[in-house]
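If you want the building blocks of each chain, they are given just below.
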Amino acid sequence: MHALINQTDIDTFQKDGVVLIKGLFKSHVEAIRAGIERNMAEPGPYAAENLKEGEGGRFFDDYCNWTRIPEFEDVVRSSPAAEVAADLMRSQRVQVFHDHVLVKEPGTSKATPWHQDGPYYFVDGLQNVSFWSPVDPVKGNSLRCVAGSHAWEKPVLPTRWLAESSFYPNDDDYMPVPDPDAEGMDIKEWEMEPGDAVAFNYGTLHGARGNTTNIRRRAFSLRFIGDDARYVERPGPTSPPFPGHEMKPGQSLREDWFPTVFQR
């Protein structure tokens, strides 16, 4: 396994669906910062501002830009993330799914809603991992993950962050979004330095508080998939949508769009 992790980290990831990896992107912090600035100056087609009128601060996010932002591509291909992903997922092969930038400017009180990533995606399978890495020090505005939620029998209802409405028409297939604080769930969160990363499964319930500090909270995520990942149809457009992908249920994700970036 990669020197950044040990067997306990792998076991924790498998059991809890989340683990902290110190220094995963330590050598790429400046590249990520530069890529985020480029991304914000030149937003992609999926860029969003996640505040309603009258809410203070700024909550920007955008995804699927790694093929057009060279700093992000460098992180995908030269950082240890893909190899660490293989270890955590217990997978022989690692494909990149997508990147994601989330920026909360100082004074942004809006929280990132509790959600699981998996219901938004057209990916089925247990071998997957997201890395969430801040490029600013974080304390109370770090990522928060509910341990063991990736193993819940029913997925959590996916919603639209701004409209707060259901993402799909089949609400009965999902459980309501819980309130982990009120319900006493086992929430994992860490104070983190730039380049540290939270690794979590696509099924892990997670969210984040607002940024009421006087410094920015810039975060970069990479999502990877492993050997058992297969395309699955959802009852509506997914997020990200990847229009025109032409994949069929049960197929592996197409290599030309989701290339293999690590192989045992």
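Model, not experiment: these values are computed from the prediction. (Residues numbered from 1 in each chain as written. Predicted model: local features only at pLDDT ≥ 70, side-chain atom pairs only at ≥ 80, totals over all residues. Heavy atoms only, no water.)

1. A closer look at the overall build of the protein
What the protein contains, in helices and strands, is four helices and 14 strands. Relative to the 2.2 N^0.38 estimate, which gives 18 Å for 264 residues, the radius of gyration of the protein is 17 Å and therefore close to what a compact globule would have. Over its C-alpha atoms, taken along the principal directions, the protein stretches across nearly 45 × 45 × 40 Å. Looking at the 264 residues of the protein, the share that counts as buried comes to 54%. Nonlocal contacts in the protein, meaning residues at least 24 apart in sequence, comprise 81% of its contacts between residues at least 6 apart. (Helix = DSSP H or I, 4+ residues; strand = E, 2+ residues; numbered from the N terminus. Rg over C-alpha atoms; globule rule 2.2 N^0.38 Å. Buried < 20%, exposed > 50% of the residue type's maximum accessible area, 1.4 Å probe, protein only. Contact = heavy atoms within 4.5 Å.)

2. What about unusual backbone geometry?
Between Ser239 and Pro240 the backbone carries a cis peptide bond, its omega angle lying at 0°. By the element assignment, Pro240 lies in the loop between β13 (230-231) and β14 (260-263). Despite not being glycine, Cys64 has its phi angle at roughly 65°, a positive value. Tracing the backbone through its elements, the reader meets Cys64 in the loop between β3 (59-63) and α3 (70-78). Residue classification places Cys64 among the partly exposed positions, given a relative accessible area of 21%.

3. Here's the deal with the side chain of Thr238
Positionally, Thr238 belongs in the loop between β13 and β14. The exposure class assigned to Thr238 is buried, which follows from its relative accessible area of 10%. There is a polar contact of 2.9 Å between the side chain of Thr238 and the backbone oxygen of Pro240. Those residues in contact with Thr238 that lie beyond four places of it in its chain are Tyr120, Tyr121, Phe122, Phe167 and Tyr168. (Polar contact = N/O pair within 3.5 Å; in protein donor to acceptor, adjacent residues only side chain to side chain.)

4. Describing the pairing of strand β8 (residues 143-146)
Burial of β8 is two-sided: the residues Leu143 and Cys145 facing one way and the residues Arg144 and Val146 facing the other way are all buried. Two strands pair when backbone bridges link them, and β8 and strand β11 (residues 206-208) are joined in this way by three bridges, in the antiparallel orientation. From the neighbouring strand, Arg144 faces β11, where its bridge partner is Gly207. As defined by bridge partners, β8 adjoins strand β9 (residues 187-188) across two bridges and the pair is classed as antiparallel. Paired with Cys145 across the two strands is Lys188, which belongs to β9. (Pairing = 2+ DSSP bridges.)

5. Examining the packing of helix α1 (residues 7-16) against helix α4 (residues 81-89)
Running from amino to carboxyl end, α1 crosses α4 at an angle of 65°, the nearest separation of the two axes being 8 Å. Here Asp9, Ile10, Phe13 and Gln14 of α1 come into contact with α4, specifically with Asp87, Leu88 and Met89. The residue makeup of the contact of α1 with α4, split by class, is four nonpolar, one polar and two charged. (Axes fitted to C-alpha atoms, helices over the stretch in contact; angles between N-to-C directions. Nonpolar A, V, L, I, M, F, W, Y, C, P; charged D, E, K, R; others polar.)

6. So, the nonpolar core
Ranked by internal contacts, the top residues of the largest apolar core, which has 38 residues, are Phe25, Leu88, Val94, Val129, Phe131 and Phe224. Discounting residues that sit within four places of it in the chain, Phe25 has contacts with Ile32, Val75, Ser79, Ala81, Phe131, Ser133, Gly195, Ala197 and Leu222. Among the nonpolar cores identified, the runner-up in size contains 31 residues, and Cys145, Met192, Tyr202 and Met247 belong to it. (Core = buried A, V, L, I, M, F, W, Y, C linked by side-chain atoms within 4.5 Å.)

7. What to know about the sheet that holds β9
Taken together, the four strands give an open sheet; going across it, the order is β5-β11-β8-β9, and neighbouring strands pair in antiparallel fashion. Single-partner strands in this sheet number two, and they are β5 (112-115) and β9.

8. What about the pattern of salt bridges?
As enumerated under the stated definition, the model contains 19 salt bridges in all. Arg93 is the salt-bridge partner of Glu255, the closest N and O atoms lying 2.5 Å from each other. Note that Glu255 is positioned in the loop between β13 and β14 and Arg93 in strand β4 (residues 93-104), a separation of 162 residues in sequence. For Glu255, a relative accessible area of 37% translates into the label partly exposed. (Salt bridge = Lys/Arg side-chain N within 4 Å of Asp/Glu carboxyl O.)

9. A word on the environment of Lys188
Turning to its location among the elements, Lys188 is positioned in strand β9. Judged by its relative accessible area of 26%, Lys188 falls in the partly exposed class. Distance from Lys188 to Pro43, taken between C-alpha atoms, is 31 Å for residues 145 residues apart in sequence.

10. Regarding the packing of aromatic side chains
All chains considered together, the criterion is met by 17 aromatic pairs. By the ring-pair criterion, three or more aromatic residues cluster together here, those being Phe97, Tyr121, Phe122, Tyr202, Tyr231, Phe242 and Phe258. Just above the ring of Phe59 sits the side chain of Lys104; from NZ or CZ to the centre is 4.8 Å. If you follow Arg160 out to its NZ or CZ, it ends over the ring of Phe167, 4.4 Å from the centre. (Phe/Tyr/Trp six-rings, centres within 6.5 Å; stacked < 30°, edge-to-face > 60°. Lys NZ or Arg CZ within 6 Å of the ring centre and 35° of its normal.)

11. Brief notes about the environment of Val129
Within the fold, Val129 resides in strand β7 (residues 128-134). Along the backbone, Val129 and Ile225 are 96 residues apart, and their C-alpha atoms lie at a distance of 6.6 Å. Ignoring any residue separated from it by four or fewer positions in sequence, one finds Val129 in contact with Phe13, Ala85, Leu88, Met89, Ala199, Phe200, Tyr202, Leu222, Arg223 and Phe224.

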